[in-house]
Structure formats: structure tokens, C-alpha cells
Amino acid sequence: MSPRPGNPAPVPGWDQATFRCGQCGARRTATTETDYVRAVSAHRDAHAVFDKLNAIERSGMGSILRVLLEDIALSIELLALIDQGAPKPQAGAPGSRSR
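Residues numbered from 1 in each chain as written. Predicted model: local features only at pLDDT ≥ 70, side-chain atom pairs only at ≥ 80, totals over all residues. Heavy atoms only, no water.

Draft legend 1. Main features of helix 3 (residues 72-84). The end-to-end C-alpha distance of helix 3, which contains 13 residues, comes to 18 Å, matching closely the 18 Å that a straight helix rising 1.5 Å per residue would cover. Of all 13 residues that make up helix 3, one are buried, and the element is exposed over most of its length. One side-chain oxygen of the residue at the start of helix 3 lies 3.2 Å from the amide nitrogen of Ala 73, identifying that residue as Asp 71. Within two residues after helix 3, Gly 85 carries a phi angle of roughly 65°, on the positive side. (Helix = DSSP H or I, 4+ residues; strand = E, 2+ residues; numbered from the N terminus. Expected span 1.5 Å × (residues − 1). Buried < 20%, exposed > 50% of the residue type's maximum accessible area, 1.4 Å probe, protein only. Polar contact = N/O pair within 3.5 Å; in protein donor to acceptor, adjacent residues only side chain to side chain.)

Here you go:
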């Protein structure tokens, strides 16, 4: 089987490695050393962020991530708006919501 475009071919002698988290028991398996290091780093970073959030923040973050990760185009557009400092809609303007 040939490697997928953009993924490096496995290094000779490297089959796969599995990381098991001592905190939560999650398992991450990688077929290259680079992917293994990336997976371990991402998992540890996720724990660092998760540990700083309270229960309400965790729930909110989960809801936001579920929406954004489901629609990459939405994520890109939202980041573009944030990066350009898009103005907030004025009350009563088209597209604004009244409370």
C-alpha cells in the first residue's frame, strides 16, 4: 500500500507506536515518529487546556468545537471575521437579533 499524498512514508524499521495516556487512558497509534510526536503533543496540550476550564467552560467549548469541526468552511469564515475585526451588528440592523 502506498502512502497517502501529504503523509510521509513510514521510516524503515518503524511499524507503529501506541501512546497510552496515564491520566485518561486514551490510546493514540501512529505509523511514523513524526505523527507519534504530534499525537502525544496534541493530547498533552488538550489536557492542559481542559484542566484550566471549569465545567461550564468545558461544556461551552465542546459545543463550539462540535459546530466548527463539523463545518470547516464555517470555521474558515469565522476566523476571517475575527482576524479582520468585523464590526458587531447594530441593534435593529438587518441580521441583528433582538433580545
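So that's the structure; there's more coming.
Draft legend 2. Spatial organisation of the packing of helix 2 (residues 55-70) against helix 3. Interaxial distance between helix 2 and helix 3 falls to 5 Å at its minimum, and their mutual angle equals 110°. With respect to each other, helix 2 and helix 3 are oriented roughly perpendicular. Here Val 67, Leu 68, Leu 69 and Glu 70 of helix 2 come into contact with helix 3, specifically with Ile 72, Leu 74, Ser 75 and Leu 78. Looking at the contact of helix 2 with helix 3 residue by residue, the classes come out as six nonpolar, one polar and one charged. (Axes fitted to C-alpha atoms, helices over the stretch in contact; angles between N-to-C directions. Parallel < 35°, antiparallel > 145°, perpendicular 65-115°, else oblique. Contact = heavy atoms within 4.5 Å. Nonpolar A, V, L, I, M, F, W, Y, C, P; charged D, E, K, R; others polar.)

Draft legend 3. Fine view of a nonpolar patch on the surface. A grouping of Val 49, Met 61, Leu 65 and Leu 69 is seen on the molecular surface, where their side chains present a nonpolar patch of about 360 Å² in accessible area. Here the element with the most residues in the nonpolar patch is helix 2; it accounts for three residues. Summarising the element assignment, Val 49 is placed in helix 1 (residues 33-52). (Patch = residues over 30% accessible without salt bridge, like charges linked within 9 Å, V, L, I, M, F, W, Y side chains within 5 Å. Areas by Shrake-Rupley, 256 points an atom, 1.4 Å probe, with all protein chains shown as cover. Salt bridge = Lys/Arg side-chain N within 4 Å of Asp/Glu carboxyl O.)

Draft legend 4. Structural context of the side chain of His 47. Residue placement: His 47 occurs in helix 1. Excluding its chain neighbours within four sequence positions, the residues that come into contact with His 47 are Cys 21, Gln 23 and Cys 24.

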